[in-house]
Amino acid sequence: MKTIDERPVQVQPARGTRWKKHHAEDVAGRSYTFICAALLIVIILSIVYFVASKGLATFFRDGVSLSDFLFGTTWDPEGNNGEPMYGVLPFIFGSFATSLLAALIASPLSICASLFMTEIVPGWGKKLLQPVIELLAGIPSVVYGFIGLTVVVPFLRNVFPGQGIGIAAGAIVLSVMILPTITSVAADALASLPRGLKESSFALGATRWQTISRVILPTVLPSILTGVVLGMARAFGEALAVQMVIGNAPHIPRSLFESASTLTSVITLDMGNTVMGSAHSNALWSMALALMFMTFVFVMIVRLLERRHRI
Amino acid sequence: MIKMKKSLLMLCTLALVVMLAACGSKNTEDTSSASGAATDDKSSATELSGSILAVGSTALQPLVEQAAQKFMAESQYSKIQVQVQGGGSGTGLTQVAGGQADIGNSDVFAEEKLKDEAKDLVDHQVAVVAMAAVTNPDVGVDSLTKQQLVDIFTGKVTNWKEVGGKDEKIVIVNRPASSGTRKTFEKYALGTSTEDLKGSIQEESSGTVKKIVAESPGAIGYLALSYLDDKVKVLKYEGVEATVENVTSGKYPVWAYEHMYTKGEPKPEVKAFLDYIASDAVQNGDVVELGYIPVSKMEVKRDAEGNITK
Amino acid sequence: MRAKLTDKIATFFIVVFSLLIVAVLVGLIGFILVRGLSHIDWHFLTSVPQTIREGGGIGPQLFNSLFLLVLTLIITIPLGLGAGIYMAEYAKPGKITGTIRLVVEVLSSFPSIVVGLFGLLLIVNTFGFGFSLFSGALVLTIFNLPLMVRITEQAFRSVPKEQKEAGLALGLSKWKIISSVLFPVALPSIVTGTVLAAGRVFGEAAALLFTAGMSTPRLDFTNWNPLSPTSPINPFRPAETLAVHIWKINSEGLAPDAAQIAAGASAVLVILVLLFNLFARWLGGVLYKAMTASKRMG
């Protein structure tokens, strides 16, 4: 009896401490990881709060109306011709025009590259293009801007009317910068396709192009669009490279080869020269707020596309 | 396996400690920097020490940087650390008015950017920068009058043949509206502010302006004298050449002071640095070497409203 | 027949476009290297920049880039690992998890200039860190964190289910399974991903203009006291990185050889990114071998 009685008494505390240690470890690990994850929310909330607190001052403190800001075409923040005007439509137009055009140039190339990697020569095609894509993604934007100014701009100047500076130059530089984004998303989507899909198409006697154009591309279209939107988001937010080649005139240009501005280029150009808290500076913060808002829109579009893809 | 677990735990705790330490220093930073500055003041009675932060104008940055390096190399100032940052005149004035920087470097008078805060700032003029209109070498013009420049920059004249040059379209390479360089050029060369024309190019930095003017046929822009070389054609203004002599004698009007602002009277170590920059060694040495004009050489003076006195 | 012909034409175009991309890259790298390599020598890599004289180097800038990277990784890795593990192992589908996922997506596509401005406002001015390596590292953390979270989460999710179940069957606690079963398996892909993501730190300039500053104080490379202002490892000193330096000399360079310095610095930057890519691949491979071998032994 005694021995039987003693056993649980001996074992239980041991089990208890071990269990407690495990439990403590578990709770610590869980809380630590949760704190890390929660930190992300803190970061984004503080970014939104601080940018908004500056950006909204334009409307609440400086009394600029939202419609004048978004749809006004005159940007004269220093009031060189009477009242200061804060119309940022030319910049919004410039941002959309450059990023859309960049996506238009980059998308066909990226889709071809991803098809090359997955469908045409899956073996060495991937070995060749994968590092190329990663390197393109790794080249710093300052270097892109520098090359844009020394290669793309003189080229455009010689071939087309105008100074070579403008939306076209910006879009060309950006298209190379967003190629990797679109290509890697598209290649991932293509690689994750079930084999059966392709094989049954081939079994029906379809050629490779028929299979690609009628079976593969329609299936992965939402994913490819996701890549395109992500690429556009990157193009929309890129600052230094664009600012170096776009010319920065605060007007809606008459052609692709005329000096124009984007939201980011104006912020980089003017932020250092303005005094924090002045109406001009606040207007720049409002543009940063608009950029942030657009990021949310892009992410929402991506989510919608992904949801459709899942169904 | 056990070793691995232990090392992992160690790693995690280490990470936590680093994080906590970072958080801790974050909280103490504000107060410690303030009290640190206060104690520096007291100890400076015997030997100057402490750190000076000068922020602002990129046009003035090379001079302040070079002067700071020499200043710190002097044995009596070896305990003073001078940090120089760019960021633009606006940033400089913001930070000096807000107390984050000891010195705010600016291309313009503080009154032109700030309203009430400008009263607290003390101006130290350390150099003069002159600017010249420059063109692409192919336009075939070597002097422009004030009216011709106004016509070009307001878009009334769009072809070089209208001002005596080749038959070529004029391409304006301007600065952004907030730029100090543009303010100076508009105020003293054009006498009027201009709006941004359609198709005009705007660049903030002198290097980019020079590159574009040098490469684009028909381009006109303006640069500080220190950036001029034979890649661009330097125009005479009203027939007066943009030379140091013409600026100091007051014949050539397109120039501006480079300011170093302090909030109130400067701390002893800041004053020592400002005095050092104003000393003859720097004024006649580095200032000239870097392409600025020493303030002491100026035979004319100018105030914030632009009134000139001999 | 027509189908076959279209097929051939389509294949031709796909191949041509793909090769075009390769050609663009080769052209880009070639352009950068040809212009820059001739300027790179030991002196260029180690000496300090000159304001107006010829012969300036990029020594401090190179050091700053590397040191900033280390600082950023010190902050990012523990946080990113933690958040990634939470997302992969603890998070239950629900509002919070959904929000965090959204936040990761938004943060990773935030324009760098917006994050830079935020850094200027909060970290540099409000917290009073000034233009410093530390401010720069915090801002870069904001960029790197979402990448790190995504890499960690994917790496943990790709660990075979059986390994986890075996751990559970042994009665191990969840944390133990994560730390001693899943983590070693996930490590190689985490490391590869981290090193690749770190390459981005090298190239970032827009955000650093406003946070780490555009100048470097005189550095004394014999002084390793992290609190001394002249010490290279003092995290609270301003620091101009290589990418920012390229931007600066392109825009305001007064030295007669500014163009060559910009070209040389660009080449150095690209070579560093190249090395990083190769290193990431090599390290991933080595770790994979080491980890799988150690498991067999255990």
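Residues numbered from 1 in each chain as written. Chains lettered and ligands numbered in written order. Predicted model: local features only at pLDDT ≥ 70, side-chain atom pairs only at ≥ 80, totals over all residues. Heavy atoms only, no water.

**A few points about the overall build of chain B**
Within chain B, the regular secondary structure consists of eleven helices and 13 strands. Looking at the 310 residues of chain B, the share that counts as buried comes to 53%. Considering only contacts in chain B between residues 6 or more positions apart, those separated by 24 or more positions represent 74%. For chain B, the accessible surface area stands at approximately 13,000 Å², while carbon and sulfur atoms represent 54% of it. (Helix = DSSP H or I, 4+ residues; strand = E, 2+ residues; numbered from the N terminus. Buried < 20%, exposed > 50% of the residue type's maximum accessible area, 1.4 Å probe, protein only. Contact = heavy atoms within 4.5 Å. Areas by Shrake-Rupley, 256 points an atom, 1.4 Å probe, with all protein chains shown as cover.)

**Focus on the nonpolar core**
Counting residues in each nonpolar core, the largest one holds 288 residues, and the members touching the most others are Met287 of chain A together with Ile220 and Phe273 of chain B. Among the elements that take part in this core, helix H7 (residues 167-191) of chain A stands out by supplying 15 residues, more than any other. In contact with Met287 of chain A, not counting residues within four places along its chain, are Phe69, Trp75, Val88, Phe91, Leu263, Val266 and Ile267 of chain A. (Core = buried A, V, L, I, M, F, W, Y, C linked by side-chain atoms within 4.5 Å.)

**Things to note about the interface of chain B and chain A**
At the interface, 37 residues of chain B touch 32 residues of chain A. Interface area, chain B with chain A, both sides summed: about 2,800 Å², of which 54% is carbon and sulfur. Glu215 of chain B is the salt-bridge partner of Arg157 of chain A, the closest N and O atoms lying 3.4 Å from each other. No other element matches helix H3 (residues 89-98) of chain B, which puts five residues into the side of chain B that touches chain A. Class assignment for the residues of the side of chain B that touches chain A results in eleven nonpolar, 15 polar and eleven charged. (Buried area = accessible area lost by both parts, 1.4 Å probe. Salt bridge = Lys/Arg side-chain N within 4 Å of Asp/Glu carboxyl O. Nonpolar A, V, L, I, M, F, W, Y, C, P; charged D, E, K, R; others polar.)

**Overview of the pattern of salt bridges**
Counted by the stated rule, this structure contains 23 salt bridges over all chains. A salt bridge links Glu112 of chain B to Lys187 of chain B, with the shortest nitrogen-to-oxygen separation between them at 3.8 Å. Taken together, the positions of Glu112 of chain B in helix H4 (residues 110-113) and Lys187 of chain B in helix H6 (residues 180-190) put the pair 75 residues apart, joining distant regions of the chain. Given the relative accessible area of 33%, Lys187 of chain B is considered partly exposed. One salt bridge connects Asp275 of chain B with Lys271 of chain B, and the closest N-O pair in it is separated by 3.2 Å. Of this pair, Asp275 of chain B and Lys271 of chain B both sit in helix H9 (residues 268-278), four residues apart, which is roughly one turn of the helix. The exposure class assigned to Asp275 of chain B is partly exposed, which follows from its relative accessible area of 42%. A relative accessible area of 39% means that Lys271 of chain B is categorised as partly exposed. Overlapping salt bridges bring together Arg157 of chain A together with Lys211 and Glu215 of chain B as one network.

**Remarks on the packing of aromatic side chains**
Throughout the structure, instances matching the rule amount to 29 aromatic pairs over all chains. Ring geometry for Trp75 of chain A and Phe91 of chain A: centres 5.1 Å apart, planes at 80°, overall edge-to-face. Taken together, the positions of Trp75 of chain A in strand S1 (residues 75-76) and Phe91 of chain A in helix H4 (residues 89-120) put the pair 16 residues apart, joining distant regions of the chain. For the pair formed by Trp75 of chain A and Phe91 of chain A, the shared burial category is buried. Members of the aromatic cluster, joined through ring pairs, are Phe71, Tyr77, Phe273 and Tyr276 of chain B. Over the aromatic face of Tyr188 of chain B sits the side chain of Arg302 of chain B, whose NZ or CZ is 3.4 Å from the ring centroid. (Phe/Tyr/Trp six-rings, centres within 6.5 Å; stacked < 30°, edge-to-face > 60°. Lys NZ or Arg CZ within 6 Å of the ring centre and 35° of its normal.)

**Comments concerning the interface of chain A and chain C**
Each partner contributes residues to the interface: chain A has 70 residues there, and chain C has 76 residues. When the buried surface of chain A facing chain C is broken down by residue, Leu40, Leu135 and Phe146 of chain A rank first, second and third, together holding 9% of it. Between chain A and chain C we count two salt bridges in total. Here Glu105 of chain C and Arg303 of chain A are joined by a salt bridge, their closest N and O atoms 3.4 Å apart. Considering each element in turn, the side of chain A that touches chain C owes the most residues, 20 residues, to helix H1 (residues 2-55) of chain A. Classifying every residue of the side of chain A that touches chain C gives 49 nonpolar, 14 polar and seven charged.

**Topic: the UniProt feature "transmembrane region" (unreviewed entry) in chain C**
All names here are of chain C. UniProt annotation of "transmembrane region" (unreviewed entry) refers to residues 12-34, 66-88, 100-123, 129-149, 181-202 and 261-288 when read in the numbering used here. The distance from the first to the last C-alpha atom of residues 66-88 is 31 Å, and the span holds 100% helix and 0% strand. Helix makes up 100% of residues 261-288 and strand makes up 0%, while its end C-alpha atoms are separated by 40 Å. (UniProt positions renumbered as here; feature names shortened; annotations may be inferred.)

**Describing the confidence of the model for chain B**
All names here are of chain B. Scored by pLDDT, chain B comes out at a mean of 81, with 85% of its residues at no less than 70. Ignoring residues within four places in sequence, the model shows residues 1-6, a span with pLDDT below 50, making five contacts including any to other chains. Across residues 8-45, confidence stays below pLDDT 50; counting only partners more than four residues off in sequence or on other chains, it has 25 contacts. (pLDDT = per-residue confidence, 0-100.)

**A short note on the side chain of Thr208 of chain B**
Of note, Thr208 of chain B is situated in helix H7 (residues 206-215). In this structure Thr208 of chain B touches Leu149 of chain A, Glu203 of chain B together with Asn250 and Ser251 of chain C, once residues within four positions along its chain are discounted.

**Looking at a nonpolar patch on the surface**
All names here are of chain C. There is a patch of nonpolar side chains on the surface, built from Leu5, Ile9, Phe12, Phe13 and Val16 and spanning about 480 Å² of accessible area. Within the element layout of this structure, Val16 appears in helix H1 (residues 2-37). Classification of Val16 by relative accessible area gives partly exposed; the value is 34%. (Patch = residues over 30% accessible without salt bridge, like charges linked within 9 Å, V, L, I, M, F, W, Y side chains within 5 Å.)

**Section: the environment of Thr94 of chain B**
Tracing the chain through its elements places Thr94 of chain B in helix H3. Residues within four places of Thr94 of chain B in sequence aside, it is in contact with Thr274, Val275 and Met276 of chain A together with Gln100 of chain B.

**Some remarks on the packing of H4 of chain A against helix H5 (residues 122-138) of chain A**
A packed helix pair is summarised by two numbers, namely the angle formed by the two axes and the spacing between the axes. Residues and elements named next belong to chain A. Put simply, H4 and H5 touch, their axes get as near as 6 Å, and they point 145° apart. On H5, the residues touching Ala113, Phe116, Met117, Thr118, Glu119 and Ile120 of H4 are Pro122, Trp124, Gly125, Lys126, Leu128, Leu129 and Gln130. Among the residues forming the contact of H4 with H5, the class breakdown is eight nonpolar, three polar and two charged. (Axes fitted to C-alpha atoms, helices over the stretch in contact; angles between N-to-C directions.)

**Things to note about the pairing of strand S6 (residues 171-174) of chain B**
Residue and element names in this part refer to chain B. Alternating residues of S6 divide into Val171 and Val173 and Ile172 and Asn174, and every residue in both groups is buried. Bridge analysis of S6 against strand S8 (residues 219-224) gives two bridges, and the strand direction is parallel. Bridge pairing links Ile172 to Ile220 in S8. (Pairing = 2+ DSSP bridges.)

**A short note on the pairing of strand S1 (residues 50-56) of chain B**
Residue and element names in this part refer to chain B. Within S1, six of the seven residues are buried, which leaves it mostly tucked inside the rest of the structure. Sheet topology places S1 next to strand S2 (residues 80-87); seven bridges connect them, and they run parallel. What sits directly across from Gly50, in S2, is Ile80. One crossover worth recording links S1 to the parallel S2 by way of helix H2 (residues 61-73), and it is right-handed. (Right-handed = clockwise from strand over helix to strand, strands pointing away.)

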